[in-house]
Amino acid sequence: MNNHKQLNISHHLKKWYTINKRSLPWRDTNNPYKIWISEIILQQTRVTQGLEYYLRFIKRFPTVNILAQASETDVLKEWQGLGYYSRARNLHATAKKIVSFYDSKIPDNYNDIISLKGIGDYTAAAILSIAYNKPYAVVDGNVYRVLSRLFAIDTPVDSSLGKKEFKEIAYNLLDEINPGTHNQALMEFGALHCTPFQPLCKSCPLQDICISKELNKQFDFPVKQKKSKVRSRYFNYFNVNYNGYSFFNKRIGKDIWKNMYEFPLIETDEEVDLTQLFEADSFKTLFANANVAFILKQTQVKHILTHQHIYTNFYEVEATKLNEYFVSNFLKIEIDEIHTLPMPRLIHRYLEYK
Ligand code: SF4
C-alpha cells in the first residue's frame, strides 16, 4: 500500500467521523481510567446497553482507587446483567494492582499495560492511543470487517494468520499523529457505515478504493473459520422459601458465572421433569428428610451464551423443614435482601417476572 493511499483512507475516515460520530461520554475525555472502563464494558456489548452500565459504573466507582477498595461482590453486582463476568473480576483485580504497583496511574506503556489482567492487545492499543495518543492500532470486529472489505482479504479473521495479517494492515493505515481519533474513526465507521448486513456503499467515502465493492462481493467479507459447536445444558433451579429466607450458592471453579450467586441447582444431561429428578442422587442429597412442596414455576427458559444454550426449569419450593446438608451448604438470606447478591441475568430475570 503506498503512502498516499494510506493517508487518503485515514483522512476520509476521520472526516467521516467528525460529521457522523455518536456523542458518547467516553469520547469527551482522555482520562485513561474512563477509557479503560468503557473499553471493557463495550467488549461483547452493544453501545446502547453499554452506555447505561458505563454511566452507572463510573458514578459508583469514579476512580481507580475507589474501584480497588470496593468488594468483588459490589463490583459484580454493578455488572449484573452484562454477562462475561470475568471482565468485572479482572477489572477489580487490575484496579488493585494499579493502586499498589503503579501509584494509582494506568500505565502508559505497552509492556506494563499488557501485563494487567483482562487487558489484551486490543484494550492496550485502545487505551494507549485514545488516552495517551500513542501510535498503537486497534483491531476489533468492526476493523476486521472494514479492512477485509476494503482490500477483499479472504484470510479468516479468526485464524492466527488472519490476526497477524489484519494487524499489519491496521498499522500501515494508522495515523501516527492522531492515533486515537484514527482508531475511533475506523471502529465507528464499521459500527455505523460499513455494517455487517447493510453497508452504505453508495454514500461511502471509500467506495472508489474499496475492492469488495468493485467486485460486488461486500457480503463475502469478512471470512470466518467454522463456528465452534454450541453445548446444550439443562439446569433445574430450586427457589426455596423457608420462613422468609431463601438459599443461594456461590458459583466457584472453572465454569460460567464464577463468584455469582444462584439458587440451589441440579444440572442434568437432558431435559427432565420433577418425577425424574426425584430419582436423582443429587436431588436426594438436597431434599432427603426435608419437608418440602414443589411448584414448577417456569419451564424450558432458554438462555443463550456464546458457546452454550442453557435450558432451565425453575421450581418454587415451600419448606417447613430442611436437612443438615442443605442448611450448611447454601447461603441463607432474607428474601428481602436477595437483590443485594450479584446473580446471572437468567436468575435475575426470573425474580423480576415470576
Ligand atoms: S464501499 Fe461498502 S463495503 Fe466498501 S468500505 Fe464502503 S461501506 Fe464498506
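Predicted model, so just to flag it, every value in this text is computed and none were measured.

**Student:** Is there a simple way to think about the overall build of the protein in this case?
**Tutor:** Across its full length, the protein holds 16 helices and seven strands. On the principal axes, the C-alpha backbone points of the protein span a range of 80 × 50 × 30 Å. Looking at the protein residue by residue over its 354 residues, the buried ones come to 35%.

**Student:** Even after reading the chapter, I still don't get helix α2 (residues 32-42), so can you show me in this structure?
**Tutor:** With eleven of eleven residues buried, α2 lies mostly within the body of the structure. For α2, every residue scored as buried is listed here: Pro32, Tyr33, Lys34, Ile35, Trp36, Ile37, Ser38, Glu39, Ile40, Ile41 and Leu42. Where α2 is buried, its residues touch α3 (47-60), α4 (64-69), α6 (86-101) and α8 (121-132). At the C-terminal side of α2, Gln44 shows a positive phi close to 65°.

**Student:** Please clarify how the sheet that holds strand β3 (residues 261-262) should be interpreted in this entry.
**Tutor:** The strands that make up a sheet pair up through hydrogen bonds in the backbone, lying either parallel or antiparallel. Sheet architecture is open: three strands sit in the order β3-β2-β7, paired in antiparallel fashion. Single-partner strands in this sheet number two, and they are β3 and β7 (331-334).

**Student:** Would you take a moment to explain the site of the ligand for this structure?
**Tutor:** Looking at the ligand, there are 15 residues lining it, with Cys194, Pro199, Cys201, Cys204 and Cys210 nearest. Those elements that provide at least two residues to the shell around the ligand are α9 (141-150) and α12 (211-214). It is α9 that provides the largest number of residues to the shell around the ligand, a total of three residues. Counted by class, the shell around the ligand contains nine nonpolar, four polar and two charged residues.

**Student:** What is the right way to read the pairing of strand β5 (residues 291-304) from this model?
**Tutor:** In summary, the side chains of a regular strand alternate between the two faces of the sheet. β5 sits mainly on the outside: zero of its 14 residues count as buried. For β5 and strand β6 (residues 308-321), the ladder comprises eleven bridges, and the chain directions are antiparallel. Residue pairing for β6: Phe294 is matched across the bridge by Val317.

**Student:** Looking at this structure, how should I read the nonpolar core?
**Tutor:** As a rule of thumb, nonpolar side chains are buried together in soluble globular proteins. Ranked by size, the top nonpolar core spans 81 residues in total, and within it Ile37, Ile127, Val143, Leu147 and Ala170 carry the most contacts. When residues of this core are sorted by domain, at least three fall in each of domain 1 (3-220) and domain 2 (231-353). Setting aside its immediate chain neighbours within four residues, Leu147 contacts Ile153, Phe166, Ile169 and Ala170.

**Student:** It is not clear to me how the sheet that holds β5 should be interpreted in this structure. Could you clarify?
**Tutor:** Taken in spatial order, the four strands line up as β4-β1-β6-β5 in an open sheet, and their pairing is mixed. Across the chains shown, the open sheet's two edge strands, defined by having one partner strand only, are β4 (265-268) and β5. If you compare each strand with its neighbour and ignore which way they point, the axes differ by 20° on average. Pairing of strand β1 (residues 231-241) with β6, which is carried by eleven bridges, proceeds in the parallel orientation. In the strand pairing of β6, Asn236 is matched with Asn313.

The rules behind the values
Residues numbered from 1 in each chain as written. Predicted model: local features only at pLDDT ≥ 70, side-chain atom pairs only at ≥ 80, totals over all residues. Helix = DSSP H or I, 4+ residues; strand = E, 2+ residues; numbered from the N terminus. Buried ≥ 20, exposed ≤ 12 C-beta atoms within 10 Å, placed from the backbone. Contact = placed C-beta atoms within 7 Å. Pairing = 2+ DSSP bridges. Near = placed C-beta within 6 Å. Nonpolar A, V, L, I, M, F, W, Y, C, P; charged D, E, K, R; others polar. Core = buried A, V, L, I, M, F, W, Y, C linked by C-beta atoms within 7 Å. Domains from an automatic or database assignment. Axes fitted to C-alpha atoms, helices over the stretch in contact; angles between N-to-C directions.

Any functional reading would require information that these geometric values do not contain.
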